[in-house]
Number of protein chains: 2
Amino acid sequence: MMVAANVRDVAALARVSVGTVSNVLNGTKKVAPGTEKRVLEAIETLGFVRNDAARQLRVGQSRMVGMMVLDVGNPFFTDLARGVEDTLALSSRSLILGNSAEDAAREESYLHLFEEQRVAGLLVTPVSRTTDRLERLRRRGTPVVLVDRFGGIGDFSSVSVDDRRGGQIALQHLVDIGRVRPTFIGGSSAVVQVSERLHGAQSVLSEAGIAPLRVIERPYMSADAGRDAAEELLALEPSERPDSIFAANDLLALGVLQALTRAGVRVPDDIAIIGYDDIYFAASAAVPLSSVRQPTWGMGKAAAELLTAEIDGTAGSEFQHVVFEPELMARESTRVPA
Amino acid sequence: MMVAANVRDVAALARVSVGTVSNVLNGTKKVAPGTEKRVLEAIETLGFVRNDAARQLRVGQSRMVGMMVLDVGNPFFTDLARGVEDTLALSSRSLILGNSAEDAAREESYLHLFEEQRVAGLLVTPVSRTTDRLERLRRRGTPVVLVDRFGGIGDFSSVSVDDRRGGQIALQHLVDIGRVRPTFIGGSSAVVQVSERLHGAQSVLSEAGIAPLRVIERPYMSADAGRDAAEELLALEPSERPDSIFAANDLLALGVLQALTRAGVRVPDDIAIIGYDDIYFAASAAVPLSSVRQPTWGMGKAAAELLTAEIDGTAGSEFQHVVFEPELMARESTRVPA
DNA sequence: GATTCGAGTTATATCGATTCAATCGTCCTC
DNA sequence: GAGGACGATTGAATCGATATAACTCGAATC
């Protein structure tokens, strides 16, 4: 269990000063070719690896970026994270991923961790509407970019998709295929994405003069929750059942689909289903699932670019809001019955 | 852009020494209740958050654990990561997740990052067979546990599933339903999991006296790669086509399923398919996919426990190998045609 | 030949939390 | 009332990399 070598050891072996070693490591100042070679050889033979804690303490900032997501089990967020990761790599930064699992306490604990780490920047898909912690982070000088959420509250740059529009698109599609008793299945209404999609959906209904939207709320947007919600619908009198379902994300929709199919309900003939996110698995589901697509990887890239600009100080003084447009992906699950 | 408060500021405001602040923060030594209260109030009013880089520099080790996975886009690995994360939280440690994407260069770069961070421990699903870097990490005193791979090479504790047995189970199942011309679709044979599953499969064939297994290798195990491999099979003369496919993971299998169905091939009647991992989406696929299940979350938990024991020094001197048993999940995609 | 210049190098202060030997009180014991 | 004993607190040293001001030495300039 040998002790790790440090710059001092490297300097001694290469017969130079620690300052020179640092210059070789960071390329901040010119170093004579011969000297550089000696230093690199010393690093090699000692197996020296820079202690980032020391570097960070001195420099005052980490080379890491923190990212808070609502659910790592949801392919939407892992795709997002990959877009971010690929983009950060270009400026040799890396990502610490935190999973709040839609839980405010877990979110808080990760934000605290990120703050202790003095991350260079933060990408957040917040659980709730309160931004106290984020304000604090920013006051400390840490750039924050909201992801998948328009930065209306508080002044933060943001990358988002027009969720209200997405809700409209989904419900308009259901209306277009002749459905008149839609039900919305969503996660906690405290999650902004959920309530926005719901509002969008409701706006279509009021215009079309259709009965108000039935709403089923589940604390968490997983496939299990979707199955569970479907059970609730199956317990209704057949005459009371909806003829179509708009689920706030694809995991919910896939769970619903599975439970309905198992119970002998025909999709889309008896009940049509449309989801949200267009994750990869939506298209290959038992009944290929209609969904509202978001340009996931691109959103991650855009978010990372906004953040990088703020970190490097190349961003303007104004906060930017990049808003992507959602897109309908109509598939079998909302086909018009023959 | 105020400068962050440090322990010195807190100490001054609470009228104590920095040592006392540290004791309150870490609970290392008893502090009088009144003093503690003053310190906590000072922390509150200053909005002080400990600088972890400084802490880590002094202590010599981080509270983070690194984890290298082959593909974050694969639900198998995110489930694994959640098992790890949940378990690490019990000892208030957290996780940095690195995605090698089955690429040795990316793996190397993440391992370097983890080494710079002086992570407390490392969980690795390695891409290749070489363990130089891991040996170095360990020589430096960082515990390493291999995940999803038996630690035959080099002395590392490990958590794994008997992949050879899994391959046997899958192919035996295909033989049991009467298939005689199976094809194996896998990722790079440099990935140990792939070659083990293949070996297991081949061992069944030689015993059953069936023609040797056709093998299609793709560099990466994604659904796209699966679709691509299926195209290759579709280009064959119908008489040359396999009657069954064993895919090295479910993503590949789902891609294959999609391409075959689109081309009008009936599954399972014309070609039966079995995958591996039993990810959530396997059961809800267009044709519910048979698969070989691994106890994913439990593997993550076991790995985190082994690692935690090594970090805390409560592990014995012997390296441990936890081996889980794979389990057949037979579904529609390998049903015996009526 | 003296002076300036500049590339290369060095020595040292610094970042902020933790640690540990030393100190300070206060109470207890004989 | 002296001497311990013990709990609470202090303050300086420390971890390792980086930044900066100072310095060296040879070449160019006049």
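First things first, this report covers the structure right here in the doc. (Residues numbered from 1 in each chain as written. Chains lettered and ligands numbered in written order. Predicted model: local features only at pLDDT ≥ 70, side-chain atom pairs only at ≥ 80, totals over all residues. Heavy atoms only, no water.)

**Here we look at the sheet that holds strand β8 (residues 244-247) of chain B**
Residues and elements named next belong to chain B.
Right, so step 1: Taken in spatial order, the four strands make up an open sheet running β7-β6-β8-β9, and their pairing is parallel. Each of the sheet's edge strands pairs with one partner strand only, and the pair in question is β7 (214-217) and β9 (272-274). In this sheet, neighbouring strand axes are inclined to one another by 20 degrees on average, regardless of whether the strands run parallel or antiparallel.
Right, so step 2: Bridge count between β8 and β9: three bridges; the pairing is parallel. Within β9, the position partnered with Ile245 by the bridge is Ile273. (Pairing = 2+ DSSP bridges. Helix = DSSP H or I, 4+ residues; strand = E, 2+ residues; numbered from the N terminus. Axes fitted to C-alpha atoms, helices over the stretch in contact; angles between N-to-C directions.)

**Observations concerning the sheet that holds strand β3 (residues 121-124) of chain B**
Residue and element names in this part refer to chain B.
Right, so step 1: Taken in spatial order, the six strands make up an open sheet running β2-β1-β3-β4-β5-β11, and their pairing is parallel. Both edges of this open sheet fall to β2 (94-99) and β11 (321-324), since each of them pairs with a single strand only. The sheet shows a mean angle of 15 degrees between the axes of neighbouring strands, direction not considered.
Right, so step 2: By the bridge criterion, three bridges tie strand β4 (residues 144-147) to strand β5 (residues 157-161) in an arrangement that is parallel.

**Quick notes on the relation of the copies chain A and chain B**
Right, so step 1: In the superposition of chain A on chain B (RMSD 0.1 Å, axial shift 0.0 Å), the rotation amounts to 180 degrees. Both copies of the chain, as the preceding transformation shows, are related through a two-fold rotation axis. Relative to the rotation axis, the closest C-alpha in chain A is found at Ala286 of chain A, a distance of 1.6 Å. (Least-squares fit on C-alpha atoms with pLDDT ≥ 70 in both.)

**Comments concerning the nonpolar core**
Right, so step 1: Grouped together as the largest cluster of nonpolar side chains are 148 residues, with contacts concentrated most on Leu260 of chain A together with Leu260 of chain B.
Right, so step 2: Ignoring any residue separated from it by four or fewer positions in sequence, one finds Leu260 of chain A in contact with Ala230, Leu234, Ile245, Val265, Val267, Ile271 and Ile273 of chain A.
Right, so step 3: Within the second largest apolar cluster, 30 residues are counted, among which are Val119, Leu137 and Val144 of chain A together with Phe114 of chain B. (Core = buried A, V, L, I, M, F, W, Y, C linked by side-chain atoms within 4.5 Å. Buried < 20%, exposed > 50% of the residue type's maximum accessible area, 1.4 Å probe, protein only. Contact = heavy atoms within 4.5 Å.)

**With respect to helix α9 (residues 192-208) of chain B**
Residues and elements named next belong to chain B.
Right, so step 1: A rise of 1.5 Å per residue sets the reference length of α9, with its 17 residues, at 24 Å; its end C-alpha atoms lie 25 Å apart and thus fit the reference within 8%.
Right, so step 2: Taken together, the buried positions of α9 are Val192, Gln193, Val194, Ser195, Arg197, Leu198, Gly200, Ala201, Val204 and Leu205.
Right, so step 3: For α9, the elements touching its buried residues are β4, α8 (163-176), β6 (182-186), β7 and β8.
Right, so step 4: Directly beyond the C-terminal end of α9, a positive phi value near 70 degrees is found at Gly209. (Expected span 1.5 Å × (residues − 1).)

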